[in-house]
Amino acid sequence: MTQLTLTKTSLIAGIWHGDLHGAGEAEPDLLVQHLGEDLPGLTAAHDGKIWRVQFTIPTDCISDGVQSFVIKDRPTGATLSSFAIVAGDALADDMRAEVDLLRAELDMLKRAFRRHCLETM
């Protein structure tokens with residue numbers, strides 16, 4: 001049996017896209033799980049070389065916190081890929097948010113310092 005490899009290509013407008021290698025010509029039997037529940041909306045189309053996989057993220061799965069999605073091969077149960085969506089209050093502790101706040105404060109200090117320099121000349 002060939003090893004399946006699923007590689008994320010993009011996440012655009014709520015649709016996760018990936019390329020599945022190793023499935024051959026037979027349509028793969030994949031599933032997506034969120035909080036342990038199987039979700040509908042996963043499709044796969046063969047382009048002659050590889051399978052193009054798409055998953056439309058249900059809007060009712062998007063909420064505050066970290067929402068994790070796992071894509072599996074149904075027959076083997078093997079995890080092929082996963083992704084997470086982070087929203088709301090969970091971002092408050094995110095390092096990127098902290099860096100953005102520091103940049104904003106630095107910009108404010110630079111403006112105040114330049115104004116002070118102009119006023120004391």
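Structure report, in brief.

Definitions and cut-offs
- Residues numbered from 1 in each chain as written.
- Predicted model: local features only at pLDDT ≥ 70, side-chain atom pairs only at ≥ 80, totals over all residues.
- Heavy atoms only, no water.
- Phe/Tyr/Trp six-rings, centres within 6.5 Å; stacked < 30°, edge-to-face > 60°.
- Helix = DSSP H or I, 4+ residues; strand = E, 2+ residues; numbered from the N terminus.
- Buried < 20%, exposed > 50% of the residue type's maximum accessible area, 1.4 Å probe, protein only.
- Pairing = 2+ DSSP bridges.
- Axes fitted to C-alpha atoms, helices over the stretch in contact; angles between N-to-C directions.
- Salt bridge = Lys/Arg side-chain N within 4 Å of Asp/Glu carboxyl O.

According to the stated counting rule, one finds four aromatic pairs in the structure shown. With a centroid separation of 4.9 Å and 10° between ring planes, the pair formed by Phe69 and Phe83 is classed as stacked. Of the two residues, Phe69 is situated in strand E7 (residues 65-73) and Phe83 in strand E8 (residues 79-87); the sequence distance between them amounts to 14 residues. Taking relative accessible area as the criterion, Phe69 reaches 0% and is therefore assigned buried. Residue classification places Phe83 among the buried residues on the basis of a relative accessible area of 10%.

On to the sheet that holds strand E6 (residues 51-56). Strand order in the open sheet formed by four strands is E1-E2-E6-E5, and the pairing between neighbours is antiparallel. The strands lining the two open edges of the sheet, one partner per strand, are strand E1 (5-12) and strand E5 (42-46). Within the sheet, the average angular offset between the axes of one strand and its neighbour, ignoring direction, is 25°.

Per the stated rule, a full pass over the model turns up five salt bridges. Taking the shortest distance from any N to any O, the salt bridge between Arg52 and Asp19 comes out at 2.8 Å. Of this pair, Arg52 sits in strand E6 while Asp19 sits in strand E2 (residues 15-21), and the two are 33 residues apart along the sequence. Between Asp107 and Lys110 there is a salt bridge, with the nearest N and O atoms lying 3.6 Å from each other. Within this pair, Asp107 and its partner Lys110 are both found in helix H1 (residues 95-119), separated by three residues, close to a single helical turn. Members of the salt-bridge network, linked through shared partners, are Asp19, Asp47 and Arg52.

Below, the discussion takes up the environment of Thr76. Within the secondary structure, Thr76 is located in the loop between E7 and E8. Taking the C-alpha atoms as reference, Thr76 lies 29 Å from Val86; in sequence the two are ten residues apart.

Let us look at the pairing of E6. Side chains of E6 alternate between two faces, with Trp51, Val53 and Phe55 buried and Arg52, Gln54 and Thr56 left unburied. Taken together, the six bridges between E2 and E6 define a ladder with antiparallel strand orientation. Residue pairing for E6: Asp19 is matched across the bridge by Arg52. Of the pairings in the sheet, the one linking E5 to E6 comprises five bridges and is antiparallel in character. Residue Ala45 lies in a different strand from E6, and its bridge partner there is Arg52. The loop that links E5 with its antiparallel partner E6 comprises four residues; one of these, Gly48, has a positive phi angle of about 100°.

A few words on the sheet that holds strand E4 (residues 37-39). Taken in spatial order, the four strands make up an open sheet running E4-E3-E7-E8, and their pairing is antiparallel. For this open sheet the edge positions go to E4 and E8, each flanked by a neighbour on one side alone. Ignoring which end each strand starts from, the neighbouring axes of this sheet average 30° apart. Two strands pair when backbone bridges link them, and strand E3 (residues 30-34) and E4 are joined in this way by three bridges, in the antiparallel orientation. Following the sheet pairing, His34 is matched in E4 by Glu37.

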